[in-house]
Amino acid sequence: MLSDGARPFVNENMGLSVVFPQGSRVCMSRSGDAPRGFYARYGTGATGCPEGREDSPEASMGLNSSFNATFLATPAEVAGSCTPPDEAILQHFGADGLVFPGHRSLACQSIGKDGSIDLTVYALAGEWAGDPPEDVPHVVYRATLGTRPGRLEEDLRMFRTFLGQARIGLFQDRPGLGG
């Protein structure tokens, strides 16, 4: 489905909403048959929504989620080994930072052997009404950007807007919830 750049893509079961740039071909990400988020690939000749790695897009961006079945309490526990983004990358995100708005987040960077750059932002959100305060959030969220040096500036601007519009921990059917 093509994004109009205004209407959000929503997964109510996972409590997420995100707007992709206008013209993005947006696909649903899944775990088995269960929808878990959305992604878009840029600079590729592939059609449809490939879930494998049939081709190598110039860039990709997405928001994915999973249930916090192992009861992790912090984004650092979710990320495990994490290399913080370079200062030059962080400067693109200004005072807002490389975060999910309103949520404690952790950003990580990795550089592939081919020079590709991957950024991942982790956060936990979503509580059920009546949960004790010591309970951990029920959902793990990951926003990702995969890019290459020649596209970095443009893709970082796109990712900043993408993250700024992302909403997580939204469970309309469970009063008293939120992130």
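Residues numbered from 1 in each chain as written. Predicted model: local features only at pLDDT ≥ 70, side-chain atom pairs only at ≥ 80, totals over all residues. Heavy atoms only, no water.

(A) Representation of the side chain of Ser 17 within the structure. Counting through the fold element by element, Ser 17 comes out in strand S2 (residues 16-18). Sequence-distant contacts of Ser 17, defined by excluding residues within four places in its chain, comprise Pro 8, Phe 9, Val 10, Leu 63, Gln 165, Ala 166, Arg 167 and Leu 170. (Helix = DSSP H or I, 4+ residues; strand = E, 2+ residues; numbered from the N terminus. Contact = heavy atoms within 4.5 Å.)

(B) View of the nonpolar core. The biggest cluster of nonpolar side chains holds 35 residues, and the ones touching the most others in it are Phe 20, Leu 63, Phe 100 and Phe 159. Elements supplying a minimum of two residues to this core: S2, strand S4 (34-42), strand S5 (59-67), strand S7 (117-125), strand S8 (139-147) and helix H3 (152-165). In terms of residue count, H3 provides more of this core than any other element does, six residues in total. Sequence-distant contacts of Phe 159, defined by excluding residues within four places in its chain, comprise Met 61, Phe 93, Leu 98, Leu 119, Val 121, Ala 143, Thr 144 and Leu 145. Ala 79, Cys 108, Tyr 122 and Leu 124 belong to the second-largest nonpolar core, a separate cluster that totals six residues. (Core = buried A, V, L, I, M, F, W, Y, C linked by side-chain atoms within 4.5 Å. Buried < 20%, exposed > 50% of the residue type's maximum accessible area, 1.4 Å probe, protein only.)

(C) Fine view of empty space enclosed by the protein. Applying the stated criterion across every chain yields a total of one cavity of 30 Å³ or more. Space inside the largest cavity adds up to approximately 50 Å³. Forming the walls of the largest cavity are Arg 25, Cys 27, Arg 41, Thr 44, Ala 46, Gly 48 and Pro 50. Residues that form the lining of the largest cavity fall into these classes: three nonpolar, two polar and two charged. (1 Å grid on protein atoms, 1.4 Å probe; cavity = no way out; pocket = protein on both sides within 12 Å on 5 of 7 lines; lining within 4 Å. Points joined across faces, edges and corners; volume = space filled by probe spheres on them. Nonpolar A, V, L, I, M, F, W, Y, C, P; charged D, E, K, R; others polar.)

(D) Expanded view of the sheet that holds strand S1 (residues 9-11). As summarised here, the arrangement of the three strands in space is S1-S2-S9, forming an open sheet in which the pairing is antiparallel. Bordering the open sheet on either side are S1 and strand S9 (167-168), each of which pairs with just one other strand. Bridge analysis of S1 against S2 gives three bridges, and the strand direction is antiparallel. Paired with Phe 9 across the bridge in S2 is Val 18. (Pairing = 2+ DSSP bridges.)

(E) Spatial organisation of the state of the cysteines. All chains considered together, the criterion is met by two disulfides. The disulfide partner of Cys 27 is Cys 49, and the gap between their sulfur atoms is 2.2 Å. Measuring handedness by torsion sign, the sulfur bridge of Cys 27 and Cys 49 sits at about -85 degrees and is left-handed. Taken together, the residues span a long stretch of sequence, with Cys 27 in strand S3 (residues 26-31) and Cys 49 in the loop between S4 and S5 at a distance of 22 residues. In this structure Cys 27 comes out as buried when scored by relative accessible area, which is 4%. Note that Cys 82 is cross-linked by a disulfide to Cys 108, the S-S spacing being 1.9 Å. The sign of the -115 degrees torsion about the S-S bond sets the Cys 82-Cys 108 disulfide as left-handed. You can see Cys 82 sitting in the loop between helix H1 (75-79) and helix H2 (87-90) and its partner Cys 108 sitting in strand S6 (residues 105-111), a full 26 residues away along the chain. With a relative accessible area of 25%, Cys 82 lands in the partly exposed category. For Cys 108, a relative accessible area of 8% gives the class buried. (Disulfide = S-S within 2.5 Å.)

(F) Just the pairing of S8, in detail. S8 sits mainly inside the fold: seven of its nine residues count as buried. Bridge count for S5 against S8 is eight bridges, and the pairing is antiparallel. If you follow Gly 62 over to S8, its bridge partner there is Thr 144.

(G) Seen up close, H3. Its 14 residues give H3 an end-to-end C-alpha distance of 20 Å, which sits within 8% of 20 Å, the value for a rise of 1.5 Å per residue. Here H3 has its buried residues at Leu 152, Asp 155, Leu 156, Met 158, Phe 159, Phe 162 and Leu 163. End-on, the buried residues of H3 take up no more than an arc of 165 degrees, which puts them together on one face. Buried residues along H3 sit against S2, S4, S5, H2, S7 and S8. (Expected span 1.5 Å × (residues − 1). Arc of directions from axis to C-beta.)

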